[in-house]
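Examining the three-dimensional arrangement
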Amino acid sequence: MALEGTNKWTKKKKIIILVLISIILIFYFKIFFTRGVYFEDAFLKKEVVGSEYHYKGNNVYGDMLVTVNGEAEEGNDVNVTFDLPNNIYKEYTVAFNKKTHYNSDIEIKENDKIVFNGEYKKDSSILRDNNGEISIDNSLIRVTYNNESPFNADYKVSLINVVEFSLRDNEQKRGVGYLVLLAFFLFGITIFDYSYPLFFFNMKHILSVRDPEPSDFYIFMQKISWYVMPIVGVVLMILALFPNVFS
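Here we summarise the structure given alongside this text. (Residues numbered from 1 in each chain as written. Predicted model: local features only at pLDDT ≥ 70, side-chain atom pairs only at ≥ 80, totals over all residues. Heavy atoms only, no water.)

1. So, the overall build of the chain
A tally of helices and strands in the chain yields 5 helices and 10 strands. Over its C-alpha atoms the chain spans a radius of gyration of 27 Å, topping by over 25% the 18 Å that the globule rule assigns to 247 residues. For the chain, the proportion of its 247 residues judged to be buried stands at 33%. For the chain, long-range pairs separated by at least 24 residues make up 43% of all intrachain contacts whose partners lie at least 6 apart in sequence. (Helix = DSSP H or I, 4+ residues; strand = E, 2+ residues; numbered from the N terminus. Rg over C-alpha atoms; globule rule 2.2 N^0.38 Å. Buried < 20%, exposed > 50% of the residue type's maximum accessible area, 1.4 Å probe, protein only. Contact = heavy atoms within 4.5 Å.)

2. Digging into the nonpolar core
Of all hydrophobic cores here, the largest spans 32 residues; its most connected members are F39, F82, L84, I106, I108 and F165. Elements supplying a minimum of two residues to this core: β3 (52-59), β4 (62-69), β5 (77-84), β6 (88-99), β7 (103-110), β8 (113-121) and α2 (159-167). The greatest single-element share of this core, amounting to 6 residues, is contributed by α2. Each residue touching I108, except ones within four places of it in the same chain, is listed here: Y92, T93, V94, K113, I114, V115, F116, L159, V162 and V163. Membership of the second largest hydrophobic core comes to 12 residues, among which are L179, V180, A183 and M237. (Core = buried A, V, L, I, M, F, W, Y, C linked by side-chain atoms within 4.5 Å.)

3. Remarks on the sheet that holds β6
Judged by pairing direction, the sheet is antiparallel, and its 10 strands sit side by side in the order β9-β8-β7-β6-β5-β4-β3-β2-β1-β10 without closing on themselves. Each of the sheet's edge strands pairs with one partner strand only, and the pair in question is β9 (127-129) and β10 (172-173). Relative to β4, β3 runs antiparallel, the two sharing 8 bridges. Within β4, the position partnered with N58 by the bridge is D63. Strands β1 (35-38), β2 (43-49), β3, β4, β5, β6, β7, β8 and β9 of the sheet are contacted by α2, whose axis makes an angle of about 65° with β6. (Pairing = 2+ DSSP bridges. Axes fitted to C-alpha atoms, helices over the stretch in contact; angles between N-to-C directions.)

4. Section: the packing of aromatic side chains
Counted according to the given criterion, the structure contains 21 aromatic pairs. A centroid spacing of 5.2 Å and a plane angle of 90° characterise the contact between Y28 and F29, whose relative ring orientation is edge-to-face. A centroid spacing of 5.0 Å and a plane angle of 65° characterise the contact between F201 and Y218, whose relative ring orientation is edge-to-face. A residue pair is termed long-range when its members are at least 10 positions apart, and F201 in helix α4 (residues 199-205) and Y218 in helix α5 (residues 216-241) qualify at 17 residues. When its relative accessible area of 8% is taken as the criterion, F201 is described as buried. Given the relative accessible area of 26%, Y218 is considered partly exposed. Counting every residue linked through ring pairs, the aromatic cluster contains Y28, F29, F32, F33, F184 and F187. Its guanidinium or amino end placed over the ring of Y53, R168 lies 3.9 Å from that ring's centre, counting from NZ or CZ. (Phe/Tyr/Trp six-rings, centres within 6.5 Å; stacked < 30°, edge-to-face > 60°. Lys NZ or Arg CZ within 6 Å of the ring centre and 35° of its normal.)

5. Considerations on the pattern of salt bridges
Under the criterion given, the structure shown has 5 salt bridges. Across the pair K46 and E171 runs a salt bridge whose closest N-O atoms are separated by 3.2 Å. Of the two residues, K46 is situated in strand β2 and E171 in the loop between α2 and β10; the sequence distance between them amounts to 125 residues. By relative accessible area, which is 24% here, K46 ends up partly exposed. (Salt bridge = Lys/Arg side-chain N within 4 Å of Asp/Glu carboxyl O.)

6. Quick word on the pairing of β6
For β5 and β6, the ladder comprises 8 bridges, and the chain directions are antiparallel. When the bridges of β6 are listed, N79 appears paired with T93. The turn joining β5 and β6, which pair antiparallel and follow one another in sequence, is formed by 3 residues; a positive phi near 60° is taken by N86. Inspection of the sheet shows β6 paired to β7 by 7 bridges, in the antiparallel sense. Along β7, the bridge assignment pairs F96 with I106.

7. With respect to the pairing of β5
Pairing analysis gives 5 bridges linking β4 to β5, with the strands arranged antiparallel. Each residue of the ladder has a partner; that of V66, found in β5, is F82.

8. Quick notes on a nonpolar patch on the surface
A contiguous nonpolar surface patch, about 580 Å² in accessible area, is contributed by I15, I16, V19, L20, I23 and F27. Checked against the element boundaries, V19 lands in helix α1 (residues 2-32). (Patch = residues over 30% accessible without salt bridge, like charges linked within 9 Å, V, L, I, M, F, W, Y side chains within 5 Å. Areas by Shrake-Rupley, 256 points an atom, 1.4 Å probe, with all protein chains shown as cover.)

9. Topic: α2
Residue pairs spaced three or four apart in an α-helix point in one direction, given the helix's 3.6 residues per turn. Counting buried positions along α2 yields 8 of 9 residues, so the element is predominantly enclosed. Among all positions of α2, only L159, I160, V162, V163, E164, F165, S166 and L167 are buried. Following α2 by one or two positions, R168 has its phi on the positive side, about 60°.

Keep in mind these numbers describe shape, not what the thing actually does.
So, in C-alpha coordinates, the structure goes:
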(Lines give C-alpha, C1' and ligand atoms only; values in the text may rest on other atoms or scores of the structure.)
Protein backbone atom coordinates (compact mmCIF):
# COMPACT_ATOMS: atom_id res chain seq x y z
CA MET A 1 0.00 0.00 0.00
CA ALA A 2 2.79 2.41 0.92
CA LEU A 3 4.63 1.68 -2.35
CA GLU A 4 1.43 2.18 -4.36
CA GLY A 5 0.84 5.52 -2.60
CA THR A 6 4.41 6.57 -3.33
CA ASN A 7 4.02 5.70 -7.01
CA LYS A 8 0.80 7.71 -7.25
CA TRP A 9 2.48 10.73 -5.61
CA THR A 10 5.44 10.39 -8.00
CA LYS A 11 3.08 10.40 -10.99
CA LYS A 12 1.27 13.46 -9.60
CA LYS A 13 4.58 15.28 -9.18
CA LYS A 14 5.53 14.52 -12.79
CA ILE A 15 2.18 15.81 -14.01
CA ILE A 16 2.50 18.98 -11.89
CA ILE A 17 6.03 19.59 -13.21
CA LEU A 18 4.93 19.06 -16.83
CA VAL A 19 1.98 21.45 -16.35
CA LEU A 20 4.26 24.12 -14.81
CA ILE A 21 6.79 23.75 -17.61
CA SER A 22 4.00 24.03 -20.19
CA ILE A 23 2.65 27.22 -18.58
CA ILE A 24 6.15 28.75 -18.41
CA LEU A 25 6.79 27.90 -22.08
CA ILE A 26 3.45 29.40 -23.16
CA PHE A 27 4.31 32.70 -21.46
CA TYR A 28 7.89 32.54 -22.73
CA PHE A 29 6.93 32.09 -26.38
CA LYS A 30 4.24 34.75 -26.07
CA ILE A 31 7.04 37.17 -25.18
CA PHE A 32 9.41 35.60 -27.72
CA PHE A 33 7.06 36.21 -30.66
CA THR A 34 6.06 39.73 -29.59
CA ARG A 35 6.46 42.13 -32.52
CA GLY A 36 8.39 45.33 -32.07
CA VAL A 37 11.63 47.18 -32.72
CA TYR A 38 15.08 47.19 -31.15
CA PHE A 39 16.06 50.82 -30.61
CA GLU A 40 18.68 52.42 -28.33
CA ASP A 41 19.44 49.19 -26.45
CA ALA A 42 15.78 48.50 -25.77
CA PHE A 43 12.97 46.46 -27.24
CA LEU A 44 9.95 48.63 -28.05
CA LYS A 45 6.74 46.64 -28.17
CA LYS A 46 4.39 47.36 -31.07
CA GLU A 47 0.84 48.47 -30.36
CA VAL A 48 -1.76 49.58 -32.92
CA VAL A 49 -3.81 52.52 -31.63
CA GLY A 50 -6.38 53.61 -34.18
CA SER A 51 -4.47 54.60 -37.31
CA GLU A 52 -1.18 54.96 -35.40
CA TYR A 53 1.58 52.52 -34.59
CA HIS A 54 3.05 52.89 -31.12
CA TYR A 55 6.36 51.37 -30.06
CA LYS A 56 6.79 51.38 -26.29
CA GLY A 57 9.65 50.28 -24.09
CA ASN A 58 12.43 51.44 -21.82
CA ASN A 59 16.13 51.16 -21.17
CA VAL A 60 18.27 52.08 -18.19
CA TYR A 61 17.77 55.78 -18.91
CA GLY A 62 13.97 55.83 -18.95
CA ASP A 63 10.81 55.21 -20.94
CA MET A 64 10.57 55.57 -24.70
CA LEU A 65 7.66 55.93 -27.09
CA VAL A 66 7.89 56.13 -30.87
CA THR A 67 4.67 57.00 -32.70
CA VAL A 68 4.20 56.44 -36.43
CA ASN A 69 1.22 58.05 -38.14
CA GLY A 70 0.53 57.41 -41.82
CA GLU A 71 1.18 54.75 -44.41
CA ALA A 72 4.39 54.67 -46.45
CA GLU A 73 2.84 54.94 -49.89
CA GLU A 74 3.94 56.97 -52.90
CA GLY A 75 2.70 60.55 -52.49
CA ASN A 76 2.05 60.14 -48.76
CA ASP A 77 3.66 61.76 -45.72
CA VAL A 78 4.42 59.73 -42.59
CA ASN A 79 4.88 61.46 -39.24
CA VAL A 80 7.32 59.88 -36.79
CA THR A 81 7.69 61.24 -33.25
CA PHE A 82 10.14 60.19 -30.55
CA ASP A 83 9.37 60.68 -26.83
CA LEU A 84 12.66 59.78 -25.16
CA PRO A 85 14.28 59.98 -21.71
CA ASN A 86 15.18 63.38 -20.23
CA ASN A 87 12.10 64.92 -21.89
CA ILE A 88 13.63 64.70 -25.36
CA TYR A 89 11.01 65.06 -28.07
CA LYS A 90 11.79 64.78 -31.78
CA GLU A 91 9.31 65.08 -34.63
CA TYR A 92 9.94 64.09 -38.24
CA THR A 93 7.93 63.95 -41.45
CA VAL A 94 8.96 61.52 -44.18
CA ALA A 95 7.53 62.35 -47.61
CA PHE A 96 7.53 59.50 -50.12
CA ASN A 97 7.91 61.13 -53.51
CA LYS A 98 8.42 57.81 -55.25
CA LYS A 99 8.30 54.31 -53.83
CA THR A 100 8.94 50.78 -55.07
CA HIS A 101 9.36 47.57 -53.12
CA TYR A 102 13.10 48.09 -52.68
CA ASN A 103 13.79 51.81 -53.27
CA SER A 104 12.18 55.01 -52.05
CA ASP A 105 12.80 58.61 -53.06
CA ILE A 106 12.18 60.51 -49.84
CA GLU A 107 12.35 63.88 -48.17
CA ILE A 108 12.81 64.08 -44.39
CA LYS A 109 11.80 67.13 -42.40
CA GLU A 110 12.56 67.79 -38.74
CA ASN A 111 10.21 70.42 -37.33
CA ASP A 112 9.36 71.53 -40.90
CA LYS A 113 13.04 71.93 -41.79
CA ILE A 114 14.38 69.69 -44.58
CA VAL A 115 17.24 67.56 -43.22
CA PHE A 116 17.51 65.03 -46.06
CA ASN A 117 16.44 64.63 -49.67
CA GLY A 118 17.44 61.54 -51.60
CA GLU A 119 17.13 57.77 -51.82
CA TYR A 120 16.64 54.96 -49.33
CA LYS A 121 17.17 51.30 -50.24
CA LYS A 122 15.41 48.62 -48.26
CA ASP A 123 17.63 46.62 -45.89
CA SER A 124 20.34 49.25 -46.33
CA SER A 125 22.08 51.12 -43.52
CA ILE A 126 22.85 54.15 -45.67
CA LEU A 127 21.04 57.02 -47.33
CA ARG A 128 22.13 58.58 -50.62
CA ASP A 129 21.41 62.18 -51.54
CA ASN A 130 20.15 63.30 -54.96
CA ASN A 131 23.71 63.29 -56.28
CA GLY A 132 24.18 59.65 -55.33
CA GLU A 133 26.57 60.52 -52.50
CA ILE A 134 26.33 58.69 -49.18
CA SER A 135 24.73 60.87 -46.53
CA ILE A 136 26.88 60.94 -43.39
CA ASP A 137 24.74 60.42 -40.31
CA ASN A 138 26.48 62.32 -37.51
CA SER A 139 23.99 61.02 -34.96
CA LEU A 140 25.82 57.68 -35.04
CA ILE A 141 28.93 59.36 -33.58
CA ARG A 142 28.54 59.78 -29.83
CA VAL A 143 30.98 60.45 -27.04
CA THR A 144 29.89 59.84 -23.45
CA TYR A 145 31.81 59.61 -20.18
CA ASN A 146 31.31 57.43 -17.11
CA ASN A 147 28.18 55.78 -18.52
CA GLU A 148 26.36 59.09 -18.68
CA SER A 149 23.07 59.19 -20.54
CA PRO A 150 23.30 59.80 -24.29
CA PHE A 151 19.91 61.52 -24.07
CA ASN A 152 21.13 65.08 -23.66
CA ALA A 153 20.74 68.38 -25.44
CA ASP A 154 22.96 67.18 -28.30
CA TYR A 155 21.05 63.95 -28.88
CA LYS A 156 19.98 63.27 -32.46
CA VAL A 157 17.91 60.43 -33.87
CA SER A 158 19.55 58.55 -36.72
CA LEU A 159 17.78 59.39 -39.98
CA ILE A 160 18.00 55.72 -40.93
CA ASN A 161 15.94 54.94 -37.84
CA VAL A 162 13.44 57.60 -38.81
CA VAL A 163 12.99 56.09 -42.29
CA GLU A 164 12.84 52.51 -41.02
CA PHE A 165 10.17 53.44 -38.49
CA SER A 166 8.15 55.23 -41.19
CA LEU A 167 8.31 52.11 -43.38
CA ARG A 168 8.16 49.73 -40.40
CA ASP A 169 11.10 47.92 -41.98
CA ASN A 170 12.76 47.47 -38.60
CA GLU A 171 9.95 45.42 -37.05
CA GLN A 172 10.83 41.94 -35.87
CA LYS A 173 9.93 39.38 -33.26
CA ARG A 174 11.60 39.94 -29.91
CA GLY A 175 13.38 36.60 -29.57
CA VAL A 176 16.50 35.33 -31.31
CA GLY A 177 15.67 32.00 -32.92
CA TYR A 178 19.07 30.30 -33.08
CA LEU A 179 19.64 30.74 -29.33
CA VAL A 180 16.36 28.98 -28.53
CA LEU A 181 17.15 26.19 -31.00
CA LEU A 182 20.54 25.72 -29.33
CA ALA A 183 18.86 25.66 -25.91
CA PHE A 184 16.37 22.98 -26.97
CA PHE A 185 19.19 21.00 -28.54
CA LEU A 186 20.93 20.95 -25.14
CA PHE A 187 17.67 19.96 -23.41
CA GLY A 188 17.15 17.16 -25.92
CA ILE A 189 20.69 15.84 -25.57
CA THR A 190 20.32 15.88 -21.77
CA ILE A 191 17.01 14.00 -21.81
CA PHE A 192 18.35 11.43 -24.27
CA ASP A 193 21.59 10.95 -22.31
CA TYR A 194 19.65 10.59 -19.04
CA SER A 195 17.31 8.00 -20.60
CA TYR A 196 20.13 6.05 -22.32
CA PRO A 197 23.26 6.80 -20.24
CA LEU A 198 25.52 4.37 -22.13
CA PHE A 199 24.51 5.31 -25.66
CA PHE A 200 27.15 7.98 -26.36
CA PHE A 201 29.81 6.02 -24.48
CA ASN A 202 29.18 2.90 -26.56
CA MET A 203 29.03 4.90 -29.79
CA LYS A 204 32.51 6.25 -29.05
CA HIS A 205 34.18 2.97 -28.03
CA ILE A 206 32.21 0.12 -29.57
CA LEU A 207 34.45 -0.16 -32.64
CA SER A 208 37.73 -0.08 -30.71
CA VAL A 209 36.99 -1.76 -27.35
CA ARG A 210 35.25 -5.07 -26.59
CA ASP A 211 32.51 -4.78 -23.94
CA PRO A 212 33.45 -1.22 -22.90
CA GLU A 213 32.42 0.05 -19.47
CA PRO A 214 32.49 3.67 -18.30
CA SER A 215 34.79 4.65 -15.46
CA ASP A 216 33.57 6.21 -12.23
CA PHE A 217 34.96 9.53 -13.42
CA TYR A 218 32.97 9.31 -16.67
CA ILE A 219 29.77 8.57 -14.76
CA PHE A 220 30.50 11.45 -12.36
CA MET A 221 31.06 13.94 -15.20
CA GLN A 222 28.01 12.64 -17.02
CA LYS A 223 25.80 13.32 -13.99
CA ILE A 224 27.25 16.81 -13.70
CA SER A 225 26.40 17.44 -17.36
CA TRP A 226 22.77 16.53 -16.63
CA TYR A 227 22.64 19.68 -14.49
CA VAL A 228 25.04 21.95 -16.38
CA MET A 229 23.52 21.61 -19.86
CA PRO A 230 19.95 22.46 -18.80
CA ILE A 231 21.26 25.49 -16.87
CA VAL A 232 23.16 26.64 -19.98
CA GLY A 233 19.97 26.06 -22.00
CA VAL A 234 17.93 28.26 -19.64
CA VAL A 235 20.58 30.99 -19.84
CA LEU A 236 20.44 30.84 -23.65
CA MET A 237 16.65 31.17 -23.58
CA ILE A 238 16.98 34.27 -21.39
CA LEU A 239 19.64 35.73 -23.69
CA ALA A 240 17.30 35.12 -26.62
CA LEU A 241 14.90 37.69 -25.13
CA PHE A 242 17.57 40.28 -24.29
CA PRO A 243 20.18 40.07 -27.09
CA ASN A 244 20.85 43.83 -27.06
CA VAL A 245 21.99 43.75 -23.42
CA PHE A 246 24.91 41.47 -24.24
CA SER A 247 25.74 42.68 -27.74
